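If you want the building blocks of each chain, they are given just below.
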Amino acid sequence: MKKTADVIVVGGGAIGNATAYNLAKNGVDVLVLEADEVVGNGGSSRNGGGVRQSGRDPRELPLAIYGIQHIWPNLKDELGMDVEYHREGNLRLGRTEAHRAILNGLTDRAVECGLDVRMVEGDEAREICPYLSDAVLCASWCATDGHANPMLTTLAFYRAARRLGAVYHSGAKVTEIKKQKGRARQVVTEDGDVYEADVIVLAAGYGSRAIANTVGLEVPMHTQLMEVIVTEGVAPMFWQMLGTADADFYGHQSDHGSFVFGITGGYEDFSTAVRPVSSSIAASSACRVILGYFPILENLKIVRSWAGWIDVTADHVPVFGPVEEVPGLILVCGFSGHGFGICPTAGLLLSELAQGQTPTLPVDAFRYDRFKAPA
Amino acid sequence: MNDRSRDIGTFIPGADDDMIICRCEEITKGEIRRAVHDGMFTIAEVRRMLRCGMGLCQGQTCARLVKGIVAAELGVRGTELESASARSPMRPIEMRVLGRDQ
Ligand SMILES: Cc1cc2nc3c(=O)[nH]c(=O)nc-3n(C[C@H](O)[C@H](O)[C@H](O)COP(=O)(O)OP(=O)(O)OC[C@H]3O[C@@H](n4cnc5c(N)ncnc54)[C@H](O)[C@@H]3O)c2cc1C
């Protein structure tokens, strides 16, 4: 059984798998350790599939734009699996003047960052998506946003990495990183197995925090419960991604015809569940909100719901890059609920960093030590 | 610990590979067997990749069959495999009905 590698990736989510794929593609000997029995069982297979640039923090925006221009359009061919990527735009909807003010602010900030996004009136929004209710007053419109299937994307990176020789151990929960001669070198699991690598990429979502603690690092982050509901499949209606000014739901129709809606119950900060489980109130409250924008969906049946954790940092932007005080360690976590859309770019950059190369895009804004004590 | 590189043998085409196992999503036995050989070692992964058990009946008909096929391919007993999570709602519910609960 494999115990040593050039690079060990801890965490087999979208980020870890995309990293392993890029490394294996470059001939790097890579081993992935995933705590769960199921590869990709974290947020990566539970998310709403949004591949957006609009609404992003300016620090993250270059990663999102790069992926949408250079990676997502070819991912299907590159990975040999249709990941159901659609670049048909994102409408963020408003029904009141207060919503309009929120959307104007978001749009102005995105335009300042060079993004092609603009405000449209209700009628133009209904031209883009004819199924919208007359109650929609205005929307922001970003024509190059889109969505993809997160379960397929996460498993496509896994399958491609594995085909290229990446080795995966699932059910391998990492408890500790150990240094040798000042460098991160050993990875210890709950079973007592000890693995060794020249470079360790810690991509374990919220799980990264406890592991980083074992080499004296702390990342201020917490978990939040996010929920999803899915309808029965119907004939294709529209391909845009949709959201609202209030961020009370977002969603799209998938290739197999189901609508997939990301929803919240309003109490996600207070969840105490050990496993992420759907709350009793979110689906009902979300259906009321959704039907306010899409009355035409009222007879569609909800067939399925699920929940997942997101790992939220103090400033809602991930930690991403090498850790100087622990040479050999690359820390990547805290995607704060928007890591899926940028996972292809993140995988590319992380594989470059793990090979000691200058990354295609700078990652300085994501430094682990940017969180300072209040002055 | 589950070594995803362990040898489960090569994929050998079977006479009944064209048999439909999941009727809602029309997934065949051969597709399920191939997915296992492509590294999908758990019911959840097979299901997420192929959509078997994700249609209108949510796997009420095929769940046992899929488990048997995956187990046979891996050379383990069906009881050693974790079933896919059951998800609410128990029966499909119209959005207008769900939305009524205030
Ligand atoms: C409901 C929901 C909706 C979302 N919607 C969107 C969206 O529309 N667009 C978007 O861009 N993003 C969205 N996100 C966020 C997105 O899913 C995440 O940011 C992204 O999946 C992060 O990928 P990851 O690989 O870092 O995390 P994860 O998928 O959580 O992967 C981390 C992996 O590390 C493993 N792990 C943890 N601890 C250990 C350990 N000790 N040892 C070994 N392995 C360990 C975990 O089991 C897990 O598999 C959403 C998230 C949720 C939950």
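Because the structure is predicted, anything quoted here is derived from the model rather than measured. (Residues numbered from 1 in each chain as written. Chains lettered and ligands numbered in written order. Predicted model: local features only at pLDDT ≥ 70, side-chain atom pairs only at ≥ 80, totals over all residues. Heavy atoms only, no water.)

Some words on the environment of A:Ala283
Right, on to step 1. With respect to the helices and strands, the residue A:Ala283 is situated in helix H8 (residues 282-293).
Right, on to step 2. Sequence separation between A:Ala283 and A:Ser351 is 68 residues; the distance between their C-alpha atoms is 39 Å. (Helix = DSSP H or I, 4+ residues; strand = E, 2+ residues; numbered from the N terminus.)

Description of the site of the ligand
All names here are of chain A.
Right, on to step 1. Close contacts around the ligand come from 37 residues, with Glu34, Ser44, Val174, Gly339 and Gly341 the closest.
Right, on to step 2. Protein burial of the ligand: of its 1,000 Å² of free accessible surface, 92% is covered by the chains.
Right, on to step 3. At 3 residues, the largest contribution of residues to the shell around the ligand is made by strand E16 (residues 301-313). (Near = heavy atom within 4 Å. Areas by Shrake-Rupley, 256 points an atom, 1.4 Å probe, with all protein chains shown as cover.)

A short note on the interface of chain B and chain A
Right, on to step 1. In this assembly, 34 residues from chain B lie in contact with 46 residues from chain A.
Right, on to step 2. Its largest share of buried area at the contact with chain A, chain B owes to B:Met1, B:Arg48 and B:Met95, together 24% of the area lost on that side.
Right, on to step 3. Along the contact surface separating chain B from chain A lie 2 salt bridges.
Right, on to step 4. The partner of B:Asp38 in a salt bridge is A:Arg159, with the nearest N and O atoms 3.7 Å apart. (Contact = heavy atoms within 4.5 Å. Buried area = accessible area lost by both parts, 1.4 Å probe. Salt bridge = Lys/Arg side-chain N within 4 Å of Asp/Glu carboxyl O.)

Overview of the domain arrangement of chain A
Residue and element names in this part refer to chain A.
Right, on to step 1. Each domain of chain A was delimited in the assignment, giving domain 1 (4-49 + 151-220 + 315-371) and domain 2 (90-143 + 222-313).
Right, on to step 2. Opposite the 17 residues of domain 1 that make contact, domain 2 presents 15 residues.
Right, on to step 3. With both sides pooled, the region where domain 1 packs onto domain 2 buries about 1,200 Å², and carbon together with sulfur makes up 59% of that total.
Right, on to step 4. In terms of surface lost to domain 2, no three residues of domain 1 exceed Arg46, Gly48 and Tyr206, which account for 44% of the buried area on that side.
Right, on to step 5. Here domain 1 is connected to domain 2 by 0 salt bridges. (Domains from an automatic or database assignment.)

Side note on the side chain of B:Gln58
Right, on to step 1. With respect to the element layout, B:Gln58 can be found in the loop between helix H2 (43-50) and helix H3 (63-74).
Right, on to step 2. Taking relative accessible area as the criterion, B:Gln58 reaches 18% and is therefore assigned buried.
Right, on to step 3. At 3.2 Å, the side chain of B:Gln58 forms a polar contact with the backbone oxygen of B:Met54.
Right, on to step 4. Look past the residues within four positions of B:Gln58 in its chain and what remains in contact with it is A:Val303, A:Arg304, B:Arg47 and B:Gly53. (Buried < 20%, exposed > 50% of the residue type's maximum accessible area, 1.4 Å probe, protein only. Polar contact = N/O pair within 3.5 Å; in protein donor to acceptor, adjacent residues only side chain to side chain.)

Details of the pairing of strand E11 (residues 194-202) of chain A
All names here are of chain A.
Right, on to step 1. Judged from the 6 bridges that link them, strand E1 (residues 4-10) and E11 form a sheet pairing that is parallel. Among the inter-strand pairings, valine 10 is bridged to a residue of E11, identified as leucine 202.
Right, on to step 2. Sheet topology note: the strand E10 (residues 183-189)/E11 ladder contains 3 bridges and is antiparallel. Bridged to glutamine 186 within E11 is glutamate 196. (Pairing = 2+ DSSP bridges.)

Notes on the environment of A:Leu225
Residues and elements named next belong to chain A.
Right, on to step 1. Topologically, leucine 225 is positioned in strand E12 (residues 221-231).
Right, on to step 2. Along the backbone, leucine 225 and aspartate 369 are 144 residues apart, and their C-alpha atoms lie at a distance of 26 Å.
Right, on to step 3. Beyond its immediate stretch of four places on either side in the chain, leucine 225 contacts Glu268, Ser271, Pro276, Val277, Ala307, Gly308 and Trp309.

With respect to the confidence of the model for chain B
Right, on to step 1. Mean pLDDT for chain B: 93, with 99% of residues reaching 70 or above.
Right, on to step 2. If you check the scores for this complex, the pTM reads 0.97 and the ipTM reads 0.96. (pLDDT = per-residue confidence, 0-100.)

Side note on the packing of helix H2 (residues 61-71) of chain A against helix H9 (residues 343-354) of chain A
Residue and element names in this part refer to chain A.
Right, on to step 1. Between H2 and H9, whose axes approach to 8 Å, the crossing angle comes to 95°. The pairing of H2 with H9 is recorded here as roughly perpendicular in orientation. Residues Leu63, Tyr66, Gly67 and Ile71 of H2 form the contact with H9, whose own contacting residues are Pro344, Thr345, Leu348 and Leu349.
Right, on to step 2. Partitioned by chemical class, the residues of the contact of H2 with H9 number 6 nonpolar, 2 polar and no charged. (Axes fitted to C-alpha atoms, helices over the stretch in contact; angles between N-to-C directions. Parallel < 35°, antiparallel > 145°, perpendicular 65-115°, else oblique. Nonpolar A, V, L, I, M, F, W, Y, C, P; charged D, E, K, R; others polar.)

Notes on helix H1 (residues 29-37) of chain B
Right, on to step 1. When you tally the buried positions in H1(B), you get 7 out of 9 residues, the bulk of the element.
Right, on to step 2. Of all the positions in H1(B), only B:Lys29, B:Gly30, B:Ile32, B:Arg33, B:Ala35, B:Val36 and B:His37 are classed as buried.
Right, on to step 3. Residues of H1(B) that are buried sit in contact with helix H6 (150-163) of chain A together with strand E2 (20-22), strand E3 (27-28), H2 and H3 of chain B.
Right, on to step 4. B:Gly39 lies just past H1(B) and shows a positive phi near 100°.

Concerning the packing of aromatic side chains
Residue and element names in this part refer to chain A.
Right, on to step 1. Counted by the stated rule, this structure contains 12 aromatic pairs over all chains.
Right, on to step 2. For the pair phenylalanine 249 and phenylalanine 261, a centre-to-centre distance of 5.7 Å together with 75° between the ring planes defines the contact as edge-to-face. Of the two residues, phenylalanine 249 is situated in strand E14 (residues 249-253) and phenylalanine 261 in strand E15 (residues 259-263); the sequence distance between them amounts to 12 residues.
Right, on to step 3. The buried category is assigned to phenylalanine 249, whose relative accessible area is 1%. (Phe/Tyr/Trp six-rings, centres within 6.5 Å; stacked < 30°, edge-to-face > 60°.)

So, H9(A)
Residue and element names in this part refer to chain A.
Right, on to step 1. For H9, which comprises 12 residues, the first-to-last C-alpha distance of 16 Å matches the rise-based estimate of 16 Å (1.5 Å per residue) to within 8%.
Right, on to step 2. Counting buried residues along H9, 12 of its 12 residues qualify, which places the element largely inside the surrounding structure.
Right, on to step 3. Where H9 is concerned, the buried positions are Cys343, Pro344, Thr345, Ala346, Gly347, Leu348, Leu349, Leu350, Ser351, Glu352, Leu353 and Ala354.
Right, on to step 4. Following H9 by one or two positions, glycine 356 has its phi on the positive side, about 75°. (Expected span 1.5 Å × (residues − 1).)

What to know about the packing of H1(B) against H2(B)
All names here are of chain B.
Right, on to step 1. Where H1 meets H2, the closest approach of the two axes is 10 Å, and the angle between their N-to-C directions is 120°. By the criterion of interaxial angle, the relationship of H1 to H2 is oblique. Considering how the two elements wind past one another, H1 and H2 form a crossing that is right-handed. Contact with H1, carried on its side by Glu31, Ile32, Ala35 and Val36, involves Val46, Met49 and Leu50 of H2 and no other residues of that element. (Left-handed = near helix turned anticlockwise from the far one by under 90°.)

Some points on the state of the cysteines
Right, on to step 1. Under the defined criterion, the tally for this structure stands at 0 disulfides over all chains.
Right, on to step 2. Cysteine A:Cys142 is unpaired, with the sulfur of A:Cys113 as its nearest cysteine sulfur at 12 Å.
Right, on to step 3. Given the relative accessible area of 1%, A:Cys142 is considered buried.
Right, on to step 4. With no disulfide of its own, B:Cys57 has B:Cys24 as its nearest cysteine by sulfur position, at a separation of 3.8 Å.
Right, on to step 5. Given a relative accessible area of 23%, B:Cys57 falls into the partly exposed group. (Disulfide = S-S within 2.5 Å.)

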